[in-house]
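# Topology and contacts: notes
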Amino acid sequence: MIYEDKFSIEKFLRQFHKDEKEINIKKVIIAGPCSVESYEQMDKTAEFLKKVGVNILRGGAYKPRTCPTTFQGLEEEGIKILNKIRKKHNIPVITEIMDVETLDFVSENVDILQIGSRNMYNYSLLKAVGKTKKPVLLKRGMSATVNEWLKAAEYIVSGGNDNVILCERGIRTFETYTRNTLDLASVAIIKKESNFPIIVDPSHGTGIPYLIKPMSKAALASGADGIMIEVHHNPSEALSDGKQSLNFEDFQYLLSELSSFVNI
Ligand code: PEP
Ligand code: MN
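Here is what the cut-offs are and how they apply
- Residues numbered from 1 in each chain as written.
- Chains lettered and ligands numbered in written order.
- Predicted model: local features only at pLDDT ≥ 70, side-chain atom pairs only at ≥ 80, totals over all residues.
- Heavy atoms only, no water.
- Donors = N, O, S within 2.8 Å, 3.2 Å for Na, K, Ca; no water.
- Helix = DSSP H or I, 4+ residues; strand = E, 2+ residues; numbered from the N terminus.
- Buried < 20%, exposed > 50% of the residue type's maximum accessible area, 1.4 Å probe, protein only.
- Axes fitted to C-alpha atoms, helices over the stretch in contact; angles between N-to-C directions.
- Left-handed = near helix turned anticlockwise from the far one by under 90°.
- Contact = heavy atoms within 4.5 Å.
- Near = heavy atom within 4 Å.
- Polar contact = N/O pair within 3.5 Å; in protein donor to acceptor, adjacent residues only side chain to side chain.
- Areas by Shrake-Rupley, 256 points an atom, 1.4 Å probe, with all protein chains shown as cover.
- Core = buried A, V, L, I, M, F, W, Y, C linked by side-chain atoms within 4.5 Å.
- Phe/Tyr/Trp six-rings, centres within 6.5 Å; stacked < 30°, edge-to-face > 60°.
- Parallel < 35°, antiparallel > 145°, perpendicular 65-115°, else oblique.
- Pairing = 2+ DSSP bridges.
- Right-handed = clockwise from strand over helix to strand, strands pointing away.

So, about the coordination of the manganese ion (ligand 2). Here the manganese ion (ligand 2) is held by the protein donor atoms Cys34 (SG), His204 (NE2), Glu230 (OE) and Asp241 (OD), which lie 2.1 to 2.4 Å from it. Donor residues for the manganese ion (ligand 2), ordered by position in the chain, follow C-x169-H-x25-E-x10-D. Taken together, the positions of His204 in helix α8 (residues 202-206) and Asp241 in the loop between β8 (226-230) and α10 (248-262) put the pair 37 residues apart, joining distant regions of the chain. Considered together, His204 and Asp241 belong to a single accessibility category, that of buried residues.

Here you go:
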């Protein structure tokens, strides 16, 4: 047993590999596009990611976009695509939940709920996911202190759901070179102050593809339980976050570099 956290990601993943006696997960890799764009996109992405050993497939269907005229996600259709893909490829899927109204529908169709940075302070949403039994990946608010983030996690736990995974995705600082400032000290703090598993998202944490490898290494060296990376089959055509997304080849190269680093 590698994880001794409140929520065991390994135990959770084991359900998807019932036929395999041993699953060797030292670090959890979550990958996939920022947004679900079509069935074909997710089908080819899942096939590739599964082949290279990714544990969890990501894809947003309800997208919290800064600009209201940009792509807002496929919404209900995107969730249905995720459900088909998880069954076809036998891979757990994670997607962002933006409001209480869609919670039942989304919960029935995916494996892990993501609370995005913009909703970390949405206490009614936190209470609502706290009443489900679904694992919840709680992203750090972009201007949240570690203590506020931990309190947000407590909202979910006190509703009766202690299947919480935290995700460091960078915070707003005066630095504008990177999209956010990836706070990796938070990883070690979370490990000291709580027993929640923690994942690091260097894609949103930096916004810059060449920083993903060094920040992934730093995250894992800091004690993170895994990483979440945006991957797109053709980043220049992606409907959201194409600039920070890795293509298949670069992602595979990243994994090979990481596996010699942490033996994933
Ligand atoms: C995402 O994961 O696509 C996303 C919108 O992330 P964040 O909430 O961290 O901005
Ligand atoms: Mn994104």
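Once that is clear, we can look at the packing of helix α2 (residues 39-51) against helix α3 (residues 76-89). Orientation of α2 relative to α3, taken along the N-to-C sense of each, is 35°, at an axis distance of 10 Å. Considering only the axes of α2 and α3, their crossing is right-handed. Within the contact between the two elements, α2 uses Tyr39, Met42, Asp43, Ala46, Glu47 and Lys50 and α3 uses Ile81, Leu82, Lys84, Ile85, Lys88 and His89.

Glancing now at unusual backbone geometry. A negative phi angle is the norm for most residues apart from glycine, just as the trans form is the norm for most peptide bonds. The backbone of Glu75 shows a phi angle near 50°, a positive value even though the residue is not glycine. The exposure class assigned to Glu75 is partly exposed, which follows from its relative accessible area of 38%. Here Asp241, not a glycine, exhibits a phi torsion of approximately 50°, which is positive. For Asp241, a relative accessible area of 19% puts it in the buried group.

With that out of the way, let us pick up the site of ligand 1. The local shell around ligand 1 consists of Cys34, Arg58, Lys63, Glu96, Gln114, Gly116, Ser117, Arg118, Lys139, Arg169, His204 and Glu230. The separation between an oxygen atom of ligand 1 and a polar side-chain atom of His204 is 3.3 Å. Relative to its unbound accessible area of 300 Å², ligand 1 is 97% covered by the protein chains.

What follows deals with the environment of Ala185. Within the secondary structure, Ala185 sits in helix α7 (residues 185-193). Residue Ala185 is classed as partly exposed on the basis of its relative accessible area, which comes to 44%. Residues Ala185 and Asn119 lie 66 residues apart in sequence; the distance between their C-alpha atoms is 22 Å.

Turning to the nonpolar core, a few remarks are in order. In this structure, Leu138, Leu166 and Phe251 are the most contacted members of the largest nonpolar core, which totals 60 residues. Discounting residues that sit within four places of it in the chain, Leu166 has contacts with Leu138, Trp149, Leu150, Ala153, Ile190, Phe196, Pro197, Ile198 and Ile199. With 15 residues, the next largest nonpolar core counts Ile9, Phe12, Ile94 and Met228 among its residues.

The next point concerns the packing of aromatic side chains. Each aromatic ring pair is summarised here by two numbers: the centre-to-centre distance and the angle between the ring planes. Applying the stated criterion to the full structure yields 4 aromatic pairs. Ring geometry for Phe12 against Phe16: centres 5.5 Å apart, planes inclined by 65°, an arrangement best described as edge-to-face. Each member of the pair, Phe12 as well as Phe16, carries the same accessibility label: buried. Taken together, the ring pairs in this structure connect Phe7, Phe12 and Phe16 into an aromatic cluster.

Moving on, we get to the packing of helix α5 (residues 123-130) against helix α6 (residues 146-158). Geometrically, a packed helix pair is captured by the angle between its two axes and the distance between the axes. Here α5 crosses α6 at 40°, and the two axes come no closer than 6 Å. As far as their axial angle goes, α6 and α5 are oblique. The crossing of α5 and α6 is right-handed. Across from Tyr123, Leu126, Lys127, Val129 and Gly130 in α5, the residues of α6 making contact are Ala152, Tyr155 and Ile156.

Moving on, we get to the pairing of strand β1 (residues 28-32). Two faces belong to every sheet, and in a regular strand the side chains alternate between them. Within β1, 5 of the 5 residues are buried, which leaves it mostly tucked inside the rest of the structure. Where β1 lies against β8, 5 bridges are found, and the strand directions are parallel. Among the inter-strand pairings, Ile30 is bridged to a residue of β8, identified as Met228. Pairing between β1 and strand β2 (residues 56-58): 2 bridges, direction parallel. Looking at the pairing, Ala31 lines up with Leu57 of β2. Assessed by its sense of winding, the connection that carries the chain from β1 through α2 to β2 is right-handed.

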